[in-house]
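# Notes for the structure review
The residues making up each chain are set out below.
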Amino acid sequence: MGSPTTMARQCAALAALMAALSALAGAAAGRGAALWCAAAGAAALAFFAGVSWSRHRQIRRLTAEIDEVLHDGRRVGFSDCREGDVAVLTNELGKMVARLARTGDQLAREKTALADALADVSHQIRTPLTAVGLMLPLIEAADDPVRRRRAVRELEALVDRVSWLVTTLLKIAKVDAGAMPVERRPANAAAMAREAVRPLETVADLRDVALRLELDEAATFTGDARWTAEAVENIVKNCLEHTPPGGSVTVRVAEDALATSVTVSDTGPGIAPEDLPHVFERFYRGQAAEAPAARDGAEGADPHALRNPAGFGIGLALAQALVSAQGGTLRAANGEGGGAVFALSFPKLVV
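These remarks concern the structure in this document.

So, how was this worked out
Residues numbered from 1 in each chain as written. Predicted model: local features only at pLDDT ≥ 70, side-chain atom pairs only at ≥ 80, totals over all residues. Heavy atoms only, no water. Helix = DSSP H or I, 4+ residues; strand = E, 2+ residues; numbered from the N terminus. Buried < 20%, exposed > 50% of the residue type's maximum accessible area, 1.4 Å probe, protein only. Contact = heavy atoms within 4.5 Å. Areas by Shrake-Rupley, 256 points an atom, 1.4 Å probe, with all protein chains shown as cover. Salt bridge = Lys/Arg side-chain N within 4 Å of Asp/Glu carboxyl O. Expected span 1.5 Å × (residues − 1). Polar contact = N/O pair within 3.5 Å; in protein donor to acceptor, adjacent residues only side chain to side chain. Patch = residues over 30% accessible without salt bridge, like charges linked within 9 Å, V, L, I, M, F, W, Y side chains within 5 Å. Lys, Arg positive; Asp, Glu negative; His and termini not counted. Charge placed at Lys NZ, Arg CZ, Asp CG, Glu CD.

### Details of the overall build of the chain
The secondary structure content of the chain amounts to 10 helices and seven strands. Considering the chain as a whole, with its 351 residues, one finds that 32% of them fall into the buried category. Partitioning the intrachain contacts of the chain with sequence separation of at least 6 by distance along the chain shows that 70% fall at a separation of at least 24. When the accessible area of the chain is evaluated, it comes to approximately 20700 Å², of which 58% is carbon and sulfur surface.

Pasting the structure below:
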């Protein structure tokens, strides 16, 4: 049904049709038949007008509530209607508005998260760039060639850290957007673990930390061996950074009927209880690491304190993103004898 004018035209057309039928009945069967046809037509016209007016009121109410959704705020529920096509339309409109409301809330959360992420990225990149800016005058003023070469090497290391930071952030962004191609095929877990720790063997030697492998050579998992190796590498690197000289980092690979697991443990101080729920959050570096960061960009800051910042807090976040994209899980805990334990698991069956 449309506007009241349209409804009036339809009623007038129906009344004219009833009058014509009554005239034909009177001419053919007499005055009694004409009166009966007129009464039946009047009743049908009244019923038609009542139904039309009721539907018109329901549609007007729906129109007003939709206008309120569009201009005056969000209302998820519409007025109840009786059974019929208008009720079906009302139900579908209610579903649509509820879906739009959820989408709007999700977009608002993503917008806030994006703003926070951009602020964190700016803060983290500013740290090494501040150190670069402080070191350049020192290099220019250095008269000793040995000191100058040492400072240049430290400057190159800072540039490499910035490059690594940007590359890692791009990888995380691709995982979030679902744009990173992840293969799901059978892979040897032991070979993946060896590939993960190979780039860190020199670092472990320089830190005087033993890097131990306890591998089940027959263990396999279904996933992307390359991205899993990068995830394990980030975990092992994090453990190396928190293990004192003389300690050890152990990588274990095991397989059972339910899952293939990769466990990385160290002999460091472990994870503080207040930090444990946040270890996989991006840019979270723990309470102990926040104090040096507070000096970032401050006037008179010590360049030596900024040359080797204690990580950016995104290695573990990237590891979890890569594992989750393959359907695996990554958890952190403290070992019974001390030290941190990171457990990566790939289930064989998904229920």
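### What about the pattern of salt bridges?
Under the definition given, this model contains five salt bridges. For the salt bridge of Arg194 with Glu217, the shortest nitrogen-to-oxygen distance reads 2.3 Å. Within this pair, whereas Arg194 is found in helix 5 (residues 189-197), its partner Glu217 is found in the loop between strand 2 (210-215) and strand 3 (220-223), the two being separated by 23 residues in sequence. Overall, Arg194 belongs to the partly exposed group, its relative accessible area being 32%. Of the residues examined, Glu217 reaches a relative accessible area of 43% and is grouped as partly exposed. A salt bridge links Arg252 to Glu214; its shortest N-O distance comes to 2.8 Å. Highlighted residues: Arg252 in strand 4 (residues 248-255) and Glu214 in strand 2, separated in sequence by 38 residues.

### Side note on helix 4 (residues 145-177)
With 33 residues, helix 4 should cover 48 Å at 1.5 Å per step; its first-to-last C-alpha distance of 48 Å lies within 8% of that length. For helix 4, the full list of buried residues reads Ala151, Leu155, Leu158, Val162, Leu165, Thr168, Leu169, Ile172 and Val175. Sitting at the amino-terminal end of helix 4 is Asp144, which places a side-chain oxygen 3.2 Å from the backbone nitrogen of Val146. Looking one or two residues beyond helix 4, the residue adopting positive phi is Gly178, at roughly 70°.

### A word on a positive patch on the surface
A surface patch of positive charge is lined by Arg147, Arg149, Arg150 and Arg153. Looking at the element boundaries, Arg149 is found in helix 4.

Structural measurements only, silent on function.
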